[in-house]
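Commentary on secondary and tertiary structure
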Amino acid sequence: MSRIAIAGATGFIGRHLIERLRSRQGTASHSILALTRSTRTSAPSEAVEWRAADLFSLPDTERALAGADIACYLVHSMLPSAQLTQARFEDLDLILADNFARAAAKAGVKRIVYLGGLVPPHSRLSKHLASRLEVEDTLRAYGIPVTAVRAGLVLGPGGSSFEILANLVRRLPALVAPAWTRNRTQPIALDDLLRLLIACLEHPAPPPTVEAGGPDVLTYADMLRRTGELVGTPRPMFGVPAVTPKLSTLWVSLVTGAPRALVGPLVNSLRHETIVHDPGPQNALAPAHLSFDDAVREALVAEVQHGSESWRRRRRTSRDVRSVQRLPLPLGRDARWLALEYMRWLPRLFRHWVHVHVDDCGDCRFYLTGLRRAPLLDLQYDPKQSTPELALFHIRGGLLLRRGESGLRGRLEFRIVLGGRAAIAGIHEYRPALPWPIYRYTQALVHLWVMRRFGRHLAQVTEVTSDE
């Protein structure tokens, strides 16, 4: 019996995929490992084992994937995962994919099925679609066969894109049609996508790339018009000469209630035509059947019967911080060098008001010069988790760490990504000692400024190395 691990098990696609797999247990010889960030569990079941895992943590991810034969990766990070997130979503996605691929390789996973986005050829991609390709490349970087299922808008109850589409026509008396509404797209019904994902999971050797789309190719204006008719609220539509992506994001967010962090990347991707160019792999595995109209009708019925959550999330109660920055990487340098260079460079930035001591074990302490009795931060190097591509430090104490948090999960890491083309510096699950409003507008901003200056320093080192 094969064990299928599903990352993103409580998300829109993940929930429905698990339900579909469970309904097939009589004919399919597999069990399910459902991975979720929360500690929630389902009702006892022989078919589904729930495992809590923060995929930003490599040890968590390794434990979660232990015993898995096949993995399905359905994760994105456009919504913040901490009380304060200082990061671009594409950098967060890179860390998540890197942890997942590393852990999958260690667990002996035989194949990863990844749900990405349709990518237009010969085009300068939006950040969202470029990130989907980066994730795809990162999942392939550790030697595991990957099948990338590239899909556009998914029509189903609880899907963020579908909810945005439906709420626009429900809540506006008339629709404006910017230039991007004339671009073509090829949406796919949730049911058709689930059949395709399952076919990829169960096939002994699926192709590396599968473009997924429904039978209808429509413009975004067509979709808005037809959705209005199906919802029962047909709206007049007026073309407008120019609407910037920022204005479109604000407008869509205000009307639909969806967070701007989610709407922004999606709106920026609408300038591309997202259609299937090679339908062969999809037709061979699981051809799409449902038309756009039928898919919308089914989604509307399911919303009435079961309700919908999509992007609505419970607020986090723990006041933790995640701060992630992408950095240039000088040629031939590894993660350990990057960490030590940061420790050497920081006192120079602050004109030696800050001192950093690194002992023989790699542990680091940050002090205000002249005040050696009480470090600002005390970091413990983790040699077991660290590799040439990852230098990991646990935040175990210091004046800037909230009292009582010593020994918990706060950590600083330096990570090599994209085959050595870039690096990531990240602080995860850090809980500051300063009162929260003061921290946000003092220490948090200083840290962001420091990391940007460090990035400029590395760029200069890279230029010197290249000249040599």
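Residues numbered from 1 in each chain as written. Predicted model: local features only at pLDDT ≥ 70, side-chain atom pairs only at ≥ 80, totals over all residues. Heavy atoms only, no water.

**A closer look at the sheet that holds strand β15 (residues 321-327)**
To keep it simple, the criterion reads: For two strands to pair, DSSP has to find at least two bridges joining them. Note on conventions: DSSP H or I runs of at least 4 residues are helices, E runs of at least 2 residues are strands, and numbering of each starts at the N terminus. For every element, the axis is a line fit to its C-alpha atoms; helices are fit only across the contacting stretch, and the angle between N-to-C directions ranges from 0 to 180 degrees. We call two residues contacting when some pair of their heavy atoms lies within 4.5 Å.
The strand order across the open sheet built from eight strands is β5-β15-β21-β20-β19-β18-β17-β16, with neighbouring strands paired in mixed fashion. Each having just a single partner strand, β5 (84-86) and β16 (354-358) make up the two edges of the open sheet. Adjacent strand axes in the sheet meet at a mean angle of 15 degrees when their direction is disregarded. Of the strands in this sheet, β5, β15, β19 (390-397), β20 (411-417) and β21 (422-430) are in contact with helix α3 (residues 89-107), which crosses β15 at around 90 degrees.

**Notes on the layout of surface pockets**
So the rule is basically this: Put plainly, a pocket is an open set of points on a 1 Å grid over the protein atoms alone with protein on both sides within 12 Å along at least five of seven lines, a cavity is a set where a 1.4 Å probe fits but cannot get out, and a lining residue has an atom within 4 Å of a point. Grid points are joined across faces, edges and corners, and a volume is the space filled by probe spheres set on the points. Classes in brief: Ala, Val, Leu, Ile, Met, Phe, Trp, Tyr, Cys and Pro nonpolar; Asp, Glu, Lys and Arg charged; the others, Gly included, polar.
A volume near 560 Å³ is recorded for the second largest pocket. For the lining of the second largest pocket, the elements supplying multiple residues, two or more each, are β15, α12 (335-349), β17 (364-368), β18 (377-381), β21 and α14 (443-467). Ranked by the residues each element gives to the lining of the second largest pocket, the list is headed by α14, at four residues. Tallied by class, residues from the lining of the second largest pocket come to 18 nonpolar, four polar and no charged.

**Some thoughts on the nonpolar core**
Test applied: Within this scheme, the nonpolar core is defined by two criteria: the residues are buried Ala, Val, Leu, Ile, Met, Phe, Trp, Tyr or Cys, and they are joined through side-chain atoms within 4.5 Å. For each residue, the accessible area found with a 1.4 Å probe, counting protein chains only, is set against the maximum for its type, and the residue is called buried under 20%, exposed over 50%, and partly exposed in between.
Ranked by internal contacts, the top residues of the largest apolar core, which has 40 residues, are Tyr342, Leu346, Phe366, Phe393, Phe414, Tyr430 and Phe454. Per-element tally for this core: the top contributor is α12, with nine residues. Beyond its immediate stretch of four places on either side in the chain, leucine 346 contacts Val354, Val356, Phe366 and Val450. Counting 37 residues, the second largest nonpolar core, distinct from the first, contains Ala68, Ile95, Ala104 and Tyr114.

**A look at the side chain of aspartate 216**
Basically, it comes down to this: In protein, a polar contact requires one atom able to donate a hydrogen and another able to accept it; more generally it is a pair of N or O atoms within 3.5 Å, and residues adjacent in sequence count only if both atoms are side-chain atoms.
Relative to the assigned elements, aspartate 216 resides in the loop between β12 (209-212) and β13 (218-219). A polar side-chain atom of aspartate 216 sits 2.8 Å from the main-chain amide nitrogen of phenylalanine 292. In this structure, aspartate 216 is in contact with Thr185, Gln186, Pro187, Arg226, Ser291 and Phe292, ignoring residues within four places of it in sequence.

**Observations regarding the packing of helix α2 (residues 58-65) against α3**
Our working definition: Working rule for angles: under 35 degrees goes down as roughly parallel, over 145 as roughly antiparallel, 65 to 115 as roughly perpendicular, anything else as oblique. Note on convention: the crossing is left-handed when the near helix lies turned anticlockwise from the far helix by less than a right angle, right-handed when the turn is clockwise.
Interhelical geometry of α2 versus α3 gives an angle of 45 degrees and a closest axis separation of 9 Å. When the axes of α2 and α3 are compared, the pair comes out oblique. As for the relative orientation of α2 and α3, their crossing is right-handed in sense. On the side of α2, the interface is formed by Leu58, Thr61, Glu62 and Leu65, while α3 contributes Asn99, Phe100, Arg102, Ala103, Ala104, Lys106 and Ala107. Split by residue class, the contact of α2 with α3 holds six nonpolar, two polar and three charged.

**Concerning the pattern of salt bridges**
Side chains that carry opposite charge are capable of pairing whenever their charged atoms lie near each other. Definition in use: When a carboxyl oxygen of Asp or Glu is within 4 Å of a side-chain nitrogen of Lys or Arg, the pair counts as a salt bridge.
A complete count under the given rule lists 31 salt bridges for this structure. Ionic pairing is found between aspartate 60 and arginine 409, a salt bridge with its closest N-O pair at 3.0 Å. Placement of aspartate 60 in helix α2 and of arginine 409 in the loop between β19 and β20 is noted, with a sequence separation of 349 residues between them. Accessibility expressed as a relative area gives 9% for aspartate 60, which makes it buried. Between arginine 184 and glutamate 273 there is a salt bridge, and its shortest N-O distance comes to 3.2 Å. Residue arginine 184 is found in strand β10 (residues 184-185), and its partner glutamate 273 is found in the loop between α9 (260-269) and α10 (280-285); the two are separated by 89 residues along the sequence. You can call arginine 184 partly exposed: its relative accessible area is 36%. Here the salt bridges do not stand alone but share partners, grouping Asp54, Asp60, Arg63, Arg409, Arg411 and Glu429 into one network.

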